[in-house]
Every structure is written in C-alpha cells, then in structure tokens.
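# An overview of the molecular structure
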Amino acid sequence: AQSVTQPDIHITVSEGASLELRCNYSYGATPYLFWYVQSPGQGLQLLLKYFSGDTLVQGIKGFEAEFKRSQSSFNLRKPSVHWSDAAEYFCAVGAQGQGAQKLVFGQGTRLTINP
Amino acid sequence: GAGVSQSPSNKVTEKGKDVELRCDPISGHTALYWYRQRLGQGLEFLIYFQGNSAPDKSGLPSDRFSAERTGESVSTLTIQRTQQEDSAVYLCASTRTAGDTQYFGPGTRLTVL
C-alpha cells in the first residue's frame, strides 16, 4: 500500500527566503505525485503534479518539485516565499494504473512566513 | 466554470443524530471522492464513485457511514448515530475521468457535541 511522509509538521521562514518542503513516499511502482495547498478556510488547491517524463515539475505560484526515484522523494521548492504562501501543504501519492483514485495524503506541513 | 461545491459549510449536531453532507461535482466530471480530514491531520480516503460502476467503499470507517451518488451528479454522505470522533472536515473532490487531477470542494466542517 502507498504511504506518504512529510517529516516537517511546521516550518517557519522569512519572507523572501527560499523554501523546501520534504515529501517521501512508499509505493512499489512509479507513482502519481501531487502537492496541494490549503489556505485557512479554503479547499485544497493543486500546486503541481508528476505523472511521468521530466522529473522537475513546474507548478503555479512559482513552486516546483523534483521527483527523485532513488530517494523516493518529491520535495516542493520555491526560491523566494511571499507572505501569501503561508498555508498548509500536503503531498499525495496515487497508484498508477488506477488513475488518481484513492490518493494517500501526508500529514501536512504548516508554513509560517515571518515578515 | 463552477468548481466543486459542498453544503452545508458548517454543521453542528448532537451525538447520536444522523447527518447528511452534500457534494455537487464539477459538471461533466464522472468520478467523485469523499475524504475526511481530522484536525491537524492529512486527508483520509472514504469512498469513490466512477460513473455507473460499483463504488469503492474501502475507506468507510464503519457501517454508520454511507454515501450515494445518482448518475454523475450530486453525492450525499450520510453519517448515522454520530459520535464525537466523527468531528472533522469532510471534503469532496471530482475528476473528469479516473486518472485525472482531483478538484476539491471547500469542505463541510462537522462538529459533534
């Protein structure tokens, strides 16, 4: 069965600083990988996804993520964070061959931005 | 176009009561999912509908939970005899087809007193 680990429950960075949120997954085959963001009182918004091909994926709001099969990781990065990036970030894995059904989510990383 | 909508946005109920949560998927989306998000936790899969196929109910935590979907439209998640541990945000998502990106609604926050 798939599983996702987000090792950092809470991260604080200063506005303008770079950001990396960690995600490790467990799955026997090539997974579908996703990063979602959840702002207070909002639904989940898809930031980016990896299905196949180029392992460096560009998303919305200046985010990118890199799929590293050897490390079973899909870390999310942004070169310079903005105060509006403060939110909860979720990494998720779906089983390829079954489409994106039954996504398994990590516990989430709460991002706080210091002015 | 319009996104996934859910109602009510908030529901407070007493222990032992039944509740119904509604999800309106994006028009034309054939697949619909329900998830539960407990406070400070990630999302837990509950149930999945794809077209006219039998739903995947493998994530439902107990027989107090059930869900229905008529065709490719509205879905209702019903929780009978609610317990305090049912308190959570219940999220619905839809996709155009299985294998497509899931688009989430804003959720229903359920509080069981």
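Our subject is the structure listed above.
Let me begin by describing the structure that accompanies this report. Per chain, residue numbering runs from 1 following the sequence as it is written. Lettering for chains starts from A, numbering for ligands starts from 1, and both go in the order in which the items are written. In keeping with the predicted nature of the model, local features appear solely for residues at pLDDT of at least 70, side-chain atom pairs appear and are counted solely at 80 or more, and the whole-chain, interface and lining totals rest on all residues. Calculation of side-chain values draws on the structure's entire complement of heavy atoms; hydrogens and water are dropped beforehand.

## Some points on the sheet that holds strand β3 (residues 19-24) of chain B
All names here are of chain B. The rule for pairing is simple: two strands pair if DSSP sees at least two bridges between them. Think of it this way: any DSSP run of H or I at least four residues long counts as a helix, any run of E at least two long counts as a strand, and we number them from the N terminus. As summarised here, the arrangement of the four strands in space is β1-β3-β7-β6, forming an open sheet in which the pairing is antiparallel. In this open sheet, the two edge strands, each paired with only one partner strand, are β1 (5-7) and β6 (65-69). Averaged over all adjacent pairs, the angle separating strand axes in this sheet is 15°, with direction ignored. Across three bridges, the pairing between β1 and β3 is antiparallel. Bridging from a neighbouring strand, glutamine 6 pairs with cysteine 23 of β3. Every axis in this analysis is a line fitted to C-alpha atoms, fitted for helices over the stretch in contact. Angles between the N-to-C directions lie between 0 and 180 degrees.

## A look at the nonpolar core
In plain words, nonpolar cores are sets of buried Ala, Val, Leu, Ile, Met, Phe, Trp, Tyr and Cys residues tied together by side-chain atoms within 4.5 Å. For every residue, the accessible area (1.4 Å probe, protein chains only) is compared with the maximum for its type, and the residue is labelled buried under 20%, exposed over 50%, or partly exposed between those bounds. The biggest cluster of nonpolar side chains holds 26 residues, and the ones touching the most others in it are Leu19, Trp35, Leu47, Leu48, Phe74, Leu76 and Tyr89 of chain A. Among the elements of the structure, β2 (10-14), β3 (19-21), β5 (32-38), β6 (44-50), β8 (64-68), β9 (73-78), β10 (87-94) and β12 (109-114) of chain A are those that each provide at least two residues to this core. Among the elements that take part in this core, β10 of chain A stands out by supplying four residues, more than any other. Core analysis: the second largest hydrophobic core is formed by 20 residues, Leu32, Leu46, Phe49 and Tyr90 of chain B among them.

## Structural notes on unusual backbone geometry
Omega for the bond connecting serine 7 of chain B with proline 8 of chain B falls within 30 degrees of zero, at -10°, which places this linkage in the cis form. With respect to the helices and strands, proline 8 of chain B occurs in the loop between β1 and β2 (10-13). Non-glycine residue lysine 61 of chain A carries a positive phi angle of around 60°. Checked against the element boundaries, lysine 61 of chain A lands in the loop between β7 (56-58) and β8. Exposure remark for lysine 61 of chain A: the relative accessible area of 44% places this residue in the partly exposed category. Positive phi, close to 50°, is recorded for serine 72 of chain A, a residue that is not glycine. Position of serine 72 of chain A relative to the elements: it lies in the loop between β8 and β9. For serine 72 of chain A, a relative accessible area of 26% translates into the label partly exposed.

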